[in-house]
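# Examination of the molecular architecture
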Amino acid sequence: MKNITYQSTRGGESGVSASQAILKGIAADGGLFMPSEIPQLDRPLRELAGMTYQEQAYEVMKLFLTDFTEEELRDCIDKAYDSKFDNPEIAPLVHVGVAYVMELFHGNTIAFKDMALSILPRLMTVAAKKNHEDKEIVILTATSGDTGKAALAGFADVPGTRIIVFYPKGGVSHIQELQMVTQKGDNTAVIAIHGNFDDAQTGVKKIFADKEYEKKLAEGGFRLSSANSINIGRLIPQIVYYVHAYAELLGSGSIEDGEEINFVVPTGNFGNILAGYFAKLMGVPVKTLFCASNDNKVLYDFFTTGTYDKNRDFVLTMSPSMDILVSSNLERLIYLSTGCDARATAGLMLQLARTGRYTVTKEMQMRMKDFAGGYATEEQDAEVIRYQYRKRGYVMDTHTGVAAAVWKAHWEETGDQTKTVIVSTASPYKFSKSVLEAIQGPMMLTDDFAIAQELENLSHVPVPKAVTDLKTAEIRHTAECDKSDMEAAVSRVLGI
Ligand SMILES: *Cc1c(COP(=O)(O)O)cnc(C)c1O
């Protein structure tokens, strides 16, 4: 197999092994790691169609993580994609109307972040061993709700790691808070800060940048690391389900070998959809990747005009995981569309940091023609959720609704007959209230468990264990701290 190394999109680092790139997370120059080349699938898709999700995962990931042994990689995969998932297919495809819905919400926290965060901790501990890292890895995360829980669940009781999550007190939903404060695992810590999400994020960044503190941690036997979505160890596992979707459709006779299909992806940080693009570059026949945004439609404007401009009002929507104005993973597509020109990429990113905007060249736009931008308003999102429920009895969450609305508008306008997969990123039970209101209109219920029960009555899909368990779960984390006191809080957790 061809050895793949990693380089920064901004040119400051190259020749980095896969395991080092996973440990580092972000390059020293602030750039993102990219593989030296995109490997091609070395088995025909027809053959992959006969494999389990775990076997497919190995066939994809082995091509990128070339300094992992077969045994190491298979072990990581088997421990990640096991009975934690409440569906043995891991990422099942459901035929709904004219499209297929790929459900990525069958893991621990009933949202798609589980697809990568179930395996990242395993990859990290192998990477640490490989690089003779003798210190314990400490994952620090600031969360506005979803990522924190998925990271906690992924790292809980993984040997050689600790995880500390900060969330804004009063700034996450009741269910999200319950999910975090009931997290099991001796290596987990959850701390509520007196401040908002930005304060939590800024505090975490400060700790990462504090060289003195890094020394103190090292003396205590710890090394900080990050699990955020720019880590290549999160991107690579996400390629798997795009290959899986194609193989499934081929295996069931829904498409011919070589037939091109579309994917529609509810997008925030641009990590999920970028993995779909990698799958295409590896040889999966993909026609168009529809990048679906909510009212924060920076990416829609970017794909239609060539100008990225974050200077606009931030809108709070019912698809909060897509309320983002700076999509960090877009930098990787920018890099590819410059023809891997690190200097040009760094220049654009500098403009973004200084002015909040940049414009790409016509040639770069041409190279991005596999993407199409679309967006849905709150009204369109609710409308499509209601429509799918009434017409097909299928209940989708508010993020998936954005993608479904974008596809519906495109389909009605063009009559596009291309077989299409709508990527579903969360269970409707993660956003029960908004989903129920989309279907039935405003309601009086305020108790989250009563709302979930109501949704079960409607959809006939049982409330997932991830939600019912919360009712009786023991509260294990009660620590709080001031926003200026986060470093000390970390020290208390680690006992240094
Ligand atoms: C994180 C998230 C997204 C956005 O995914 P990106 O990879 O950041 O584009 C969409 N939907 C849900 C439910 C999410 O949690």
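In short, a report on the structure. (Residues numbered from 1 in each chain as written. Predicted model: local features only at pLDDT ≥ 70, side-chain atom pairs only at ≥ 80, totals over all residues. Heavy atoms only, no water.)

### Looking at the packing of helix 9 (residues 197-209) against helix 22 (residues 486-494)
Rules: Orientation is described by axes fitted as lines to C-alpha atoms, over the contacting stretch for helices, and by angles from 0 to 180 degrees between their N-to-C directions. Numbering of helices and strands runs from the N terminus, with a helix taken as a DSSP run of H or I at least four residues long and a strand as a DSSP run of E at least two residues long. Working rule for angles: under 35 degrees goes down as roughly parallel, over 145 as roughly antiparallel, 65 to 115 as roughly perpendicular, anything else as oblique. Residue contacts are counted whenever heavy atoms from the two residues lie within 4.5 Å of one another.
Helix 22 packs onto helix 9 with a crossing angle of 70 degrees between their chain directions and a minimal axis gap of 9 Å. Judged on the interaxial angle alone, helix 22 and helix 9 are roughly perpendicular. Where helix 9 approaches helix 22, its residues D199, A200, G203, V204 and I207 are matched on the opposing element by M486, E487 and V490.

### A short note on the packing of aromatic side chains
Going by this rule: What counts as a ring pair is set by centres within 6.5 Å for rings of Phe, Tyr and Trp (its six-membered ring), and what kind of pair is set by the plane angle: stacked under 30 degrees, edge-to-face over 60, tilted for all other angles. Whether a residue is buried, partly exposed or exposed follows from its accessible area with a 1.4 Å probe, protein chains only, as a fraction of its type maximum: under 20%, in between, or over 50%, in that order. Any Lys NZ or Arg CZ that is within 6 Å of a ring centre and within 35 degrees of that ring's normal is treated as a charge sitting over the ring.
One pass over the full model with this rule turns up 15 aromatic pairs. Each ring, one from Y81 and one from F85, has its centre 5.7 Å from the other, and the planes form 50 degrees; the classification is tilted. Across this residue pair, the class does not change: Y81 and F85 are buried. Following the ring pairs from residue to residue traces out a cluster consisting of F270, Y277, F302, F303, Y308, Y358 and F371. Its guanidinium or amino end placed over the ring of Y375, K297 lies 5.1 Å from that ring's centre, counting from NZ or CZ. For the cation-ring pair, K408 lies above Y387, with the distance from its terminal atom to the ring centre recorded as 4.5 Å.

### Section: the nonpolar core
As a reminder, the rule being used: Joining through side-chain atoms within 4.5 Å is the link that ties buried Ala, Val, Leu, Ile, Met, Phe, Trp, Tyr and Cys residues into a set, and such a set is a nonpolar core.
Judged by nonpolar contacts, the single largest core of 111 residues is most densely connected at Y6, L65, F263, F270, I334 and Y358. With 13 residues, helix 11 (residues 232-251) is the single largest residue contributor to this core. I175, L178, A376 and F449 belong to the second largest nonpolar core, which has 39 residues in total.

### Looking at the site of the ligand
Where we set the bar: The criterion for a residue being near a molecule or strand is simple. One of its heavy atoms has to lie within 4 Å of it. We define a polar contact as two N or O atoms separated by no more than 3.5 Å, with the added condition that, inside protein, one atom must be a possible hydrogen donor and the other a possible acceptor, whereas residues neighbouring each other in sequence contribute only through side-chain atom pairs. Areas reported as accessible are Shrake-Rupley estimates using a 1.4 Å probe. Residue values count occlusion only from the protein chains shown. Three categories are distinguished: nonpolar for Ala, Val, Leu, Ile, Met, Phe, Trp, Tyr, Cys and Pro, charged for Asp, Glu, Lys and Arg, and polar for the others, with Gly belonging to the last.
Taken together, 14 residues sit near the ligand, with K113, G268, N269, N272 and T425 positioned nearest. Contact distances for the ligand include 3.2 Å between an oxygen atom and a backbone N or O atom of G271. When the free accessible area of the ligand is taken as 390 Å², the share hidden by the protein chains comes to 97%. Residues of the shell around the ligand, tallied by class, amount to 5 nonpolar, 8 polar and 1 charged.

### Details of helix 15 (residues 342-355)
Quick note on the threshold: In a helix, the anticipated span is given by 1.5 Å times the number of residues less one. Directions pointing from the helix axis toward each C-beta atom define the arc.
Compared with the 20 Å implied by 1.5 Å per residue over 14 residues, the 20 Å span of helix 15 between its first and last C-alpha is a close match. Those residues of helix 15 not exposed but buried are A342, T345, L348, M349 and L352. One side of helix 15 holds all its buried residues, which, seen down the axis, span an arc of 130 degrees. Those residues of helix 15 that are exposed and aimed more than 90 degrees away from the buried face are R343 and R354. For helix 15, the elements touching its buried residues are strand 1 (6-8), strand 11 (307-309), helix 14 (330-337), strand 12 (357-359) and helix 16 (362-367).

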